[in-house]
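Fold and geometry: a report
Listed below, chain by chain, are the residues.
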Amino acid sequence: MKQFNCNDVVSGCTWVGRAEDELELLAEITVHAREDHGMHEVPPEVADTIRAAIKDA
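For the structure given in this document, a descriptive report is provided here. Given the structure is predicted, the values throughout are model-derived calculations rather than measurements. (Residues numbered from 1 in each chain as written. Predicted model: local features only at pLDDT ≥ 70, side-chain atom pairs only at ≥ 80, totals over all residues. Heavy atoms only, no water.)

Tracing the backbone shows Gln 3 in strand β1 (residues 2-5). Separated by 3.4 Å, the side chains of Gln 3 and Asn 5 make a polar contact. Leaving out residues up to four positions away in the same chain, Gln 3 has contacts with Val 16, Gly 17, Arg 18, Leu 25, Ala 53, Ile 54, Lys 55 and Ala 57. (Helix = DSSP H or I, 4+ residues; strand = E, 2+ residues; numbered from the N terminus. Polar contact = N/O pair within 3.5 Å; in protein donor to acceptor, adjacent residues only side chain to side chain. Contact = heavy atoms within 4.5 Å.)

Here you go:
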């Protein structure tokens, strides 16, 4: 199980995503970024930061 705390990248965001694997979690993060942060594309440098913040749950 993998976990991502959005607050690790976007200060003040309380969203936490969990999924069985990183690929599934990245799909959930993409939806969250679009719906809650208005990011229709995740820039490569942000994607790298997100990947670094994903932890085992």
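Sheet analysis places β1 next to strand β2 (residues 16-19), joined by four bridges and oriented antiparallel. Across the sheet, the residue bridging to Phe 4 is Gly 17, located in β2. In this structure, β1 lies alongside strand β3 (residues 55-56), joined through two bridges in antiparallel fashion. Looking at the pairing, Gln 3 lines up with Lys 55 of β3. (Pairing = 2+ DSSP bridges.)

Before going further, it helps to spend a moment on the pattern of salt bridges. Within the structure shown, the criterion is met by two salt bridges. Close ionic contact of Lys 2 with Asp 56 constitutes a salt bridge, the shortest N to O distance being 2.7 Å. In this pair, Lys 2 is assigned in strand β1 and Asp 56 in strand β3, connecting sequence segments 54 residues apart. Judged by relative accessible area, which is 61%, Asp 56 ranks as exposed. (Salt bridge = Lys/Arg side-chain N within 4 Å of Asp/Glu carboxyl O. Buried < 20%, exposed > 50% of the residue type's maximum accessible area, 1.4 Å probe, protein only.)

As a further point, take helix α2 (residues 44-53). Within the sequence span of α2, burial applies to Ala 47, Ile 50 and Ala 53. For α2, the angular spread of the buried residues around the axis is 125 degrees, confining them to a single face. Along α2, exposed side chains directed more than 90 degrees from the buried face belong to Pro 44, Glu 45 and Ala 52. (Arc of directions from axis to C-beta.)

Let us look at the side chain of His 32. As for its placement among the helices and strands, His 32 is situated in helix α1 (residues 22-37). Judged by its relative accessible area of 5%, His 32 is buried. At 3.0 Å, the side chain of His 32 forms a polar contact with the side chain of His 37.

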